[in-house]
Amino acid sequence: MPPAAPSFELLPGAARSPVILHVPHSARDVPDDVRAGIVLDDEALARELDHITDAHTARLAGVAAARSAVPPWRFVNRLSRLVVDPERFPDEREEMRAVGMGAVYTRTTHGAALRPEDFEAGPLVERYYLPYARAMTRAVADRLAATGRAVIIDVHSYPSRPLPYELHGQGPRPPICLGTDSFHTSRALLGAAREAFAETGLDSPFSGAYVPLEFHRLDARVEALMVEIRRDTYMTEPGGPAGPGLERLAGALAGLVDAVSR
């Protein structure tokens, strides 16, 4: 059965804006039929959602969009990444498969079983991952057609202390980690981000930037940057309320949007 409603939402920005704020990991919702395939009890699932969710990032992107002189477009995942993770490669290219976190997760942040060993990921990929990918591809194509370029800014957050699933968790954990791609992250985009945010680091503890596969390493008109915000700078960890840091960070993100919209 198809989902009753889209699992994502494209929120319009200015017609002349090339920017898409992509918010893939902010939601906690898990449909009942998907929940039935998760082996955690309700308490353990709530704890896992606290750890894995980039809490309040959809709100942060919304505040940034409202403050931007040229409002960006926003593509927001409305379901938890425990349903599917739309940013993972769907095949053997994905290094996180090594810890059970490919496009469909089978292990938790702490290495426990999330789904049964014989779980078949294909139906979730067909139902959620592929429609999301097609819609994001259309959103980027629309920005290219309208403005001649597209700038994807991925809005994420990460815990102040490493979790066991992290493959590269032993490096620096700056207030803002900027994830880059050698093909899609231009020097100008990276420079604008470093100017917008006060304290940044590069590609640690997370690296890379999301680009739909139709454009990935093929179309240099599509630029991309991942903005990973350390959670203790704007919220109570894990999974707690947002604090005053959210407004400050939203202002910095709006500054980045305006800088790359010119």
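Each value, and the rule that gives it
Residues numbered from 1 in each chain as written. Predicted model: local features only at pLDDT ≥ 70, side-chain atom pairs only at ≥ 80, totals over all residues. Heavy atoms only, no water. Buried < 20%, exposed > 50% of the residue type's maximum accessible area, 1.4 Å probe, protein only. Helix = DSSP H or I, 4+ residues; strand = E, 2+ residues; numbered from the N terminus. Pairing = 2+ DSSP bridges. Core = buried A, V, L, I, M, F, W, Y, C linked by side-chain atoms within 4.5 Å. Contact = heavy atoms within 4.5 Å.

The buried fraction of strand β4 (residues 150–158) amounts to nine of the nine residues, a majority that puts the element mostly inside the structure. For β4 and strand β7 (residues 222–230), the ladder comprises nine bridges, and the chain directions are parallel. The partner of S157 across the bridge, within β7, is I229.

Once that is clear, we can look at the pairing of strand β2 (residues 19–23). Most of β2 sits inside the fold, with five of its five residues counted as buried. Side chains V19, L21 and V23 project from β2 onto one buried face, and the interleaved I20 and H22 project onto a second face that is buried too. Pairing between β2 and strand β3 (residues 73–77): four bridges, direction parallel. Bridging across to β3, H22 finds its partner in F75.

Further remarks concern the nonpolar core. Grouped together as the largest cluster of nonpolar side chains are 34 residues, with contacts concentrated most on I153, V227, L253 and L256. Mapped by element, the contributors of at least two residues to this core are β2, α3 (57–67), β4, β5 (176–179), α5 (187–196), β7 and α6 (245–261). Of all the elements, α6 adds the most residues to this core, at nine residues. Look past the residues within four positions of I153 in its chain and what remains in contact with it is V19, I20, L21, H22, L225, V227, L253, L256, V257 and V260. With 28 residues, the next largest nonpolar core counts L82, Y105, V125 and F206 among its residues.

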